[in-house]
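If you want the building blocks of each chain, they are given just below.
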Amino acid sequence: MAILLKAIGGITALILLVVTLLSSLITLGGFLLGAIKVLIVVIFIALLVFLVCSILRDRSRRSDEVRDI
């Protein structure tokens, strides 16, 4: 009888350990998805800033060329 209780306790402990590990993996996956979304937004904003700076720099160079002529 004691051996049976130990076996049931061991199986229950393993099941609870697997459930805990799976829940932590799901939490980690959610965190990583959130981090990837934030990274995409940051890259998009950086790209827009780069494009605006390039446009302004080109306009500045063109106005300098017009003044030189």
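**Q** Any details on the overall build of the protein? Residues and values, ideally.
**A** Tallying secondary structure elements over the protein gives one helix and zero strands in all. Relative to the globule expectation of 11 Å for 69 residues, the C-alpha radius of gyration of the protein, 30 Å, shows a markedly less compact shape. For the protein, the spread of C-alpha atoms along the three principal axes comes to 100 × 10 × 5 Å. Looking at the 69 residues of the protein, the share that counts as buried comes to 0%. Of the roughly 6500 Å² of accessible surface on the protein, a fraction of 79% belongs to carbon and sulfur atoms. Averaging the coordinates of the 7 positive side-chain charges in the protein and doing the same for the 4 negative ones gives two points 23 Å apart.

**Q** Before we move on, could you go through a nonpolar patch on the surface and cite the residues and values that matter?
**A** A cluster of nonpolar residues, Val 41, Phe 44, Ile 45, Leu 47, Leu 48, Val 49, Phe 50 and Leu 51, forms a patch on the protein surface that exposes about 760 Å² of accessible area. What makes Val 49 partly exposed here is its relative accessible area of 47%.

**Q** An account of the pattern of salt bridges is requested, with residue identities and associated values reported.
**A** Per the counting criterion, the structure on display carries one salt bridge. With its nearest N and O atoms 3.4 Å apart, the salt bridge here joins Arg 62 to Asp 58. Of the two residues, Arg 62 and Asp 58 are both situated in helix H1 (residues 2-68); the distance of four residues between them amounts to about one turn of the helix.

**Q** Can you break down the environment of Asp 58 residue by residue, with the values?
**A** Using a relative accessible area of 34% as the deciding quantity, one classes Asp 58 as partly exposed. On a C-alpha basis, the gap between Asp 58 and Thr 12 in space is 69 Å, while along the polypeptide they are 46 residues apart.

Rules used throughout
Residues numbered from 1 in each chain as written. Predicted model: local features only at pLDDT ≥ 70, side-chain atom pairs only at ≥ 80, totals over all residues. Heavy atoms only, no water. Helix = DSSP H or I, 4+ residues; strand = E, 2+ residues; numbered from the N terminus. Rg over C-alpha atoms; globule rule 2.2 N^0.38 Å. Buried < 20%, exposed > 50% of the residue type's maximum accessible area, 1.4 Å probe, protein only. Areas by Shrake-Rupley, 256 points an atom, 1.4 Å probe, with all protein chains shown as cover. Lys, Arg positive; Asp, Glu negative; His and termini not counted. Charge placed at Lys NZ, Arg CZ, Asp CG, Glu CD. Patch = residues over 30% accessible without salt bridge, like charges linked within 9 Å, V, L, I, M, F, W, Y side chains within 5 Å. Salt bridge = Lys/Arg side-chain N within 4 Å of Asp/Glu carboxyl O.

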